[in-house]
Amino acid sequence: MASLDTPAGAKWRWGLLDVVVVVFALVPVLWIMSLSFKTPATLTDGKFVPREWTLENYRTIFATDQFVRALVNSIGIALIATAVAVVLGTMAAYAISRLDFPGKKLLVGVSLLIAMFPQVSLVSPLFEIERQLGLFDTWPGLILPYITFALPLAIYTLSAFFKQIPWDLEKAAKMDGATQGQAFRRVIAPLAAPGVFTTAILVFIFCWNDFLFAISLTSTERSRTVPVALSFFTGESQFEDPTGAISAAAVVITVPIILFVLFFQRRIVSGLTSGAVKG
Amino acid sequence: MTSQSQSATPLGAELVQEGTERAAPREPAATGPARSGRKAPLSEGKKAERRLGWLLCAPAALVMVAVTAYPILYSIWLSLQRFDLKFPDQREFVGLDNYVTVLTNGFWWTAFGVTMLITVVTVAVELVLGMGLAIIMHRTLVGRGIVRTAALIPYGIVTVVAAFSWRYAWTPGTGYLANLFSEGAPLTERASSLAIIMLAEIWKTTPFMALLLMAGLALVPEDLLKAASMDGATTWQRFTKVMLPVMKPAILVALLFRTLDAFRVFDNIYVLTAGGNETSSVSMLAYNNLMRGLNLGIGSTMSVLIFLTVAVIAFVFVKLFGTAAPGSADEERR
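Residue numbers run consecutively from 1 along every chain, following the written order of its sequence. Chain letters start at A and ligand numbers start at 1, both assigned in the order the entries are written. pLDDT decides what is reported in this predicted model: residues at 70 or higher carry local features, side-chain atom pairs at 80 or more are listed and counted, and totals for whole chains, interfaces and linings draw on all residues regardless.

- In the nomenclature of an unreviewed UniProt entry, chain A is known as ABC transporter permease subunit of Micromonospora echinofusca.
- UniProt positions are given in the numbering used here, feature names are shortened, and annotations may be inferred rather than shown by experiment. As recorded by UniProt, the Subcellular location (unreviewed entry) comment attached to chain A reads in full: "Cell membrane".
- Listed under Sequence similarities (unreviewed entry) in UniProt, the entry text for chain A is "Belongs to the binding-protein-dependent transport system permease family."

Structure (structure tokens):
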């Protein structure tokens, strides 16, 4: 529509809208950053910009075992779950997009069902089962549900990607004398890499973000992840006022995600959209 | 499947393609010419393809079924029992008693109402905002990269973190928003708490809606818009008469995914109000019964009821949407 307006005026109008969007998206983020830099004395002044700056809050959280353990748990669990989910998802997505076999529709249907399933309904039986199997409050106890709920996302996104790959190129490479392995390594893998990569990022965000499973299936810092540790800062922490510490911890776990989004926004956009809607 | 739907392609061409396809996963038997007879008894190649398909899907299917199937059945089984971990001796089969207990309970219906309210309001607002955001992200002339990145950040941020940000913002003494409307503490009153919960939800998930809608926007043919404006259509007419119809599938998918997600709202409420002042959602209530109260019978009953509600919502959407529903969109794609 903009193309029909006068260029200069349109530019200004779009610029203004851009500013609105950026402010809308970033204000809460900047606010929590501001809180994390405030000194205890100025913490409660209600000002958006800190009057006195301090790094004390960051020192506090990294000095306690609680947060560092949770960070290690979060990173480990999210990475393992992402790796497994992407490998399994890639295999299934390849089969779904490239091969013809009975039961394919069933698989797609079941994974859609799981994607829509209210996760809270699974929490109680999982809790029961994991207690009996000794998986409760362990890494695998969280990794397994994460893989399960990430798989539908992975399968959908990846099969959309795989459908866009020009598989004829592989044939061409082999006609030019490449072996099967070479054709796969040099031609197909580079083409599929962005898709696999995007899926990995989405799955990682999902695992990193999860709160419900993490709070229900853990009970000690053995496997408690950061989002849960954050919510426990208030109750049982040794700090007088945990607000500053929670904000600092919040910033620490937000930074990797923002960097991810910043670097891969284009890919995430195309990955998400082609996965969710017919592209 | 690709080749199946392309039945118009000359058989020979298809054969070559099929051969390569199966050669990729290293199945030499697959190159046989017997493939051409589609309705004929299964050829070696066809069998190999099936085997490979099953083999590749098996791990994913196994994990999904192993983790979800038993819990679902177990959950249903538990919902038919009186089972409180605090009184394990009193475990017994009680049929549908738990359902009667829950469905005649005021707390359940309050939580149900709250959840419905949150779902309807947030999804409606997000649809409007998300559409605007999608148009901006899609069409802006300046700083497209910055806008897209900024708009995606709320979606990438850990929900609990965002919830804390809002909680502090609205807490008197720490927050810059707390005294915006009144002198009291907004998170201690029901109406304002609900409004804040919805605001937090909307802020967090509008980008998701916008992303899905943007995919639909990309499908709107530029020529069609040009032609419409040549014919004297106003901006609004172009939007409602040209863009919306083309975008319908995307809109419906976005609505469906967001509605199902919104109905399961948990994190924001947990952090913002912990369900105080009658702001519990059904997920929150089920969680409290299961994990705090350790009443597995009642908790499971609530879980099953939530599942049934979500299933009904999904069913209604799929019925309303017809071919635009995710499943059929998926078929179409093939």
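**A word on the overall build of chain A**
- Helix and strand assignments follow DSSP, with helices taken as H or I runs no shorter than four residues and strands as E runs no shorter than two, numbered in order from the N terminus. Within chain A, the regular secondary structure consists of 11 helices and 0 strands.
- Here the C-beta atoms are placed from the backbone, and a residue counts as buried if at least 20 other C-beta atoms lie within 10 Å of its own, exposed if 12 or fewer do, and partly exposed otherwise. Relative to its 279 residues, chain A shows a buried fraction of 49%.

**Some remarks on the environment of A:Q132**
- Among the secondary structure elements, A:Q132 is positioned in helix α5 (residues 119–133).
- Spatially, the C-alpha atom of A:Q132 lies 37 Å from that of A:S247, the residues being 115 residues apart in sequence.

**Digging into α5(A)**
All names here are of chain A.
- Between its terminal C-alpha atoms α5 stretches 20 Å, which fits the 21 Å expected from 15 residues at 1.5 Å a residue.
- By definition, a residue's bend is the angle between the axes fitted to the seven residues ending there and the seven starting there. Of all the bends in α5, the largest measures some 25° and sits at P125.
- Of all 15 residues in α5, 11 are buried; the element is thus mostly enclosed. Helix span, as expected, comes to 1.5 Å for every residue beyond the first.

**Thoughts on the confidence of the model for chain A**
All names here are of chain A.
- Per-residue pLDDT for chain A averages 78, and the proportion of residues at 70 or more is 86%.
- Confidence scores per residue from the predictor, reported as pLDDT, run from 0 to 100. By mean pLDDT, the top-scoring element of chain A is helix α3 (residues 65–98) (89), and the lowest-scoring one is helix α11 (residues 243–276) (69).
- What counts as a contact is two residues whose backbone-derived C-beta atoms lie within 7 Å of each other. Under a pLDDT of 50 for its full length, residues 1–5 has, in the predicted model, 10 contacts with residues more than four places off or in other chains.
- This model gives residues 275–279 a pLDDT under 50, and the stretch forms 21 contacts once residues within four places in sequence are excluded.

**Details of the interface of chain A and chain B**
- Between chain A and chain B, the contact holds 95 residues from the first and 97 residues from the second.
- Per element, the largest residue contribution to the side of chain A that touches chain B is 16 residues, and it comes from α11(A).

**Overview of the pairing of strand β1 (residues 81–84) of chain B**
All names here are of chain B.
- By the convention used here, strands pair only if DSSP detects at least 2 bridges between them. In this structure, β1 lies alongside strand β2 (residues 87–93), joined through 3 bridges in antiparallel fashion. Looking across to β2, one finds that D84 is bridged to F87.
- Between β1 and β2, which follow one another and run antiparallel, lie 2 residues.

**A short note on the domain arrangement of chain A**
- Source of the domain bounds: an automatic or database domain assignment. Per the domain assignment, the segments making up chain A are domain 1 (1–54) and domain 2 (62–276).
- Taken together, the 8 residues of domain 1 of chain A in the interface contact 8 residues of domain 2 of chain A.

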